[in-house]
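Descriptive analysis of the structure
Below, each chain spelled out in residue letters.
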Amino acid sequence: MTFAIHGLAVAPGIAIGRAVIAVSSRMEVVHYFIEADQINAEFVRLCHGRDAVVDELKRMQELLPADAPQELGALLDVHLMLLQDELLESGVKRWISERLYNAEWALTTQLEIISRQFDEMEDDYLRERKADLEQVVERILRYMRGVASPVAAPPASARPAAGAQQGVLSEEFGDEPLVLIASDLSPADMLQFKSSVFAGFITDVGGKTSHTAIVARSMDIPAVVGARSASRLVRQDDWVIIDGDAGVVIVNPSPIILEEYGFRQRQVSLERERLSRLRHTPAVTLDGQPIELLANIERPSDCEPSLRGGAVGVGLFRTEFLFMDRSGKLPDEEEQYVVYREVMENMRGLPVTVRTIDVGADKPLDKAHRDGSSLNPALGLRAIRWSLADTVMFRAQLRAILRAAQHGPVRLLFPMLSSLGEIQQALRQVEVARAELDARGVHYGPVEIGAMIEVPAAALMVRSFLKYFDFLSIGTNDLVQYTLAIDRADEAVAHLYDPMHPAVLHLVSDVIAAANAVGKHVSVCGEVGGDVTMTRLLLGFGLRSFSMHPAQILAVKQEILRADTHKLARWAQGILESENPAEMLGV
Ligand code: PEP
Ligand code: MG
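Presented here is an overview of the structure given in this document. Since the structure is predicted, the reported quantities are computational estimates derived from the model, not experimental observations. (Residues numbered from 1 in each chain as written. Chains lettered and ligands numbered in written order. Predicted model: local features only at pLDDT ≥ 70, side-chain atom pairs only at ≥ 80, totals over all residues. Heavy atoms only, no water.)

**A few points about empty space enclosed by the protein**
What the rule picks out here adds up to 5 cavities of 30 Å³ or more. Taken together, Leu-46, Arg-50, Leu-83, Leu-88, Glu-89, Val-92, Leu-107 and Ile-140 make up the lining of the largest cavity. Those elements that place two or more of their residues in the lining of the largest cavity are α1 (39-63) and α3 (86-99). Looking at the lining of the largest cavity, the element that brings in the most residues is α3, giving 3 residues. (1 Å grid on protein atoms, 1.4 Å probe; cavity = no way out; pocket = protein on both sides within 12 Å on 5 of 7 lines; lining within 4 Å. Points joined across faces, edges and corners; volume = space filled by probe spheres on them. Helix = DSSP H or I, 4+ residues; strand = E, 2+ residues; numbered from the N terminus.)

And the structure:
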């Protein structure tokens, strides 16, 4: 039966593929693809886990005291029977050998399929056996944890690239495009899938500018978040269409719907093809104003697509992704230096804005730090507050960045500053970091130092900020969140998240004007920077530097080539005075 699920459109385009449901977060498992020659080894790994549980249960049976309740023995029998169930084994084998899932992923996928069958059983007793099956699988996973392979990106040889999957639906099981559906994915999980095969993503939770959505957008593949119950309603292997422009997911589409979306998919690729011709065209407005188009990146391998997309530098390197999912063992100075140097080298002498770590809120360091660790994480110990609370960690990062500055122009950027005290402490830490390198006789390079303006307090005291910093970068994602008091990751209030709110526009335009007045560089690096519906308005406010996902650069450039900044300045003033800017902008 065909049905539609509505969510939030976060990354445009159309994806058509088979559903891959990531298991519930209760069972923490890693998901990755294996190479074809690892199928046997993966299956052996699974069998070892299963055999260990069988041994354990048999031992428990032997040791059962004579007066133990009868049900206990019966329960162990049921568990042993489930463990040796043919449906479990053959299904898991199939996911491993045909889909190249790692063993844990295959096991939990099959668990989900069998669980649904239990749910549909009439008999209460049998239906309740689902909980036993879950316990058995959890036991196997526990045994396997110690022998799990490291998380790896799916090998290109194992599956076609995501882009190549869009379009024709192949009859051959192994070549079918896949779309990932999860209740939630952390930004780190998402990053792990960055070079993966998925043609699209759907999550039950999340807001438009949650970090998970941002990473999805940076992958340039269609995504819908906040789709509420998608991971429960869609079944493993269902055909699914993701309409990333409308925020709609169509499950089990009819042939006519498939044809319609196939047509739209082809139109999207034609448009991309047309835009790609602008790659080497300088970003200059009709009245001759050169505009700087920069890239937002998360890791060194993002540099190549940035350069290909026509970026003239990096406007935001979100270094926190280096620190995530490491079970508390954070990267030391040397490890960070190697990564930052790689980015500098990849960007071949172009400027790179390295933002110091911004963890917290919807970017937890790892699973242990998710939820519950703070009463109100978005207002808690995140970003610069976290760095200033652990200056040893902070200075290790600063030293690594200073050292990387020998390999190209670095702009050092602090996130979420809100007061003079924080500014002074952060700048002091840079001095100490330099002194530490001097004491060790280690070389480092010059850096420009900048502040992110992403808290209303910072925007309102921007003129003070400008006395201390060489440049500013406006983080609209957080500026909207904190100005409007709307959690950017909460889909329940996503409809209130409005970058065109007059209060936000006033703050943004004032920061740009203040920086321009003293001749200091200012850029917008939040999602608004890559939103073509906002390009003309930002130009009208006087913005001359935009930072965005590499995939958005050409569309923004197209807007710039058609713009006349003189005319836009007058028009933007009118919008600023309006009570309903969105209506005037026609969006
Ligand atoms: C922002 O807040 O706009 C920003 C760019 O930072 P992040 O999205 O990483 O919080
Ligand atoms: Mg931010």
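**Details of the coordination of the magnesium ion (ligand 2)**
For a metal with four tetrahedral donors the ideal donor-metal-donor angle is 109.5 degrees, while six octahedral donors give ideal angles of 90 or 180 degrees. At 2.0 to 2.2 Å from the magnesium ion (ligand 2) lie its protein donor atoms, namely Glu-454 (OE) and Asp-478 (OD). Separated by 24 residues along the polypeptide, Glu-454 in the loop between β13 (447-453) and α16 (456-460) and Asp-478 in helix α18 (residues 476-484) bring together distant segments of the chain. In this pair, the class of Glu-454 matches that of Asp-478, namely buried. (Donors = N, O, S within 2.8 Å, 3.2 Å for Na, K, Ca; no water. Buried < 20%, exposed > 50% of the residue type's maximum accessible area, 1.4 Å probe, protein only.)

**With respect to the packing of aromatic side chains**
Inspection of every chain in the model, using the stated rule, returns 10 aromatic pairs. When the ring centre of Trp-95 is taken as origin, the NZ or CZ atom of Arg-94, which lies over that ring, is 5.1 Å away. The ring of Tyr-337 has Arg-403 lying over it, and the distance from NZ or CZ to the ring centre is 4.1 Å. (Phe/Tyr/Trp six-rings, centres within 6.5 Å; stacked < 30°, edge-to-face > 60°. Lys NZ or Arg CZ within 6 Å of the ring centre and 35° of its normal.)

**Some details on the sheet that holds strand β7 (residues 239-243)**
Here we have 8 strands laid out as an open sheet, ordered β1-β8-β7-β3-β4-β5-β6-β2, and mixed in their pairing. With partners counted over all chains shown, the strands left at the sheet margins are β1 (3-6) and β2 (8-11), one partner each. Neighbouring strand axes in the sheet, compared pairwise and without regard to direction, differ in orientation by 30° on average. Sheet topology places β2 next to strand β6 (residues 223-225); 3 bridges connect them, and they run antiparallel. Across the sheet, the residue bridging to Leu-8 is Val-225, located in β6. Strands β3 (14-21), β7 and β8 (248-251) of the sheet are contacted by helix α10 (residues 255-275), whose axis makes an angle of about 120° with β3. (Pairing = 2+ DSSP bridges. Axes fitted to C-alpha atoms, helices over the stretch in contact; angles between N-to-C directions. Contact = heavy atoms within 4.5 Å.)

**Some thoughts on α3**
Between its terminal C-alpha atoms α3 stretches 19 Å, which fits the 20 Å expected from 14 residues at 1.5 Å a residue. Within the sequence span of α3, burial applies to Leu-88, Gly-91, Val-92, Trp-95, Ile-96 and Arg-99. Around the axis of α3, the buried residues are gathered within 130° of arc, so they sit on the same side. Where α3 begins, the capping side chain belongs to Asp-85, and its oxygen is found 3.2 Å from the backbone nitrogen of Leu-87. Phi turns positive one or two residues past the end of α3, at Leu-100, with a value near 60°. (Expected span 1.5 Å × (residues − 1). Arc of directions from axis to C-beta. Polar contact = N/O pair within 3.5 Å; in protein donor to acceptor, adjacent residues only side chain to side chain.)

**A look at the site of ligand 1**
Surveying the vicinity of ligand 1 reveals 17 residues, the closest of which are Arg-318, Arg-355, Gly-475, Asn-477 and Arg-488. Within the side chain of Arg-318, one N or O atom sits 2.7 Å away from an oxygen atom of ligand 1. At a separation of 3.1 Å, an oxygen atom of ligand 1 approaches a polar side-chain atom of Lys-363. Protein contacts shield 100% of the accessible area of ligand 1, which totals 280 Å² for the unbound molecule. When each cavity is represented as a set of grid points, ligand 1 is found to reside in the second largest cavity. Looking at the shell around ligand 1, the elements with two or more residues in it are α8 (211-218), β10 (314-318) and α18. Of all the elements, α18 adds the most residues to the shell around ligand 1, at 3 residues. Of the residues that constitute the shell around ligand 1, the class distribution is 4 nonpolar, 5 polar and 8 charged. (Near = heavy atom within 4 Å. Areas by Shrake-Rupley, 256 points an atom, 1.4 Å probe, with all protein chains shown as cover. Sits in = over half its atoms within 2 Å of the grid points. Nonpolar A, V, L, I, M, F, W, Y, C, P; charged D, E, K, R; others polar.)

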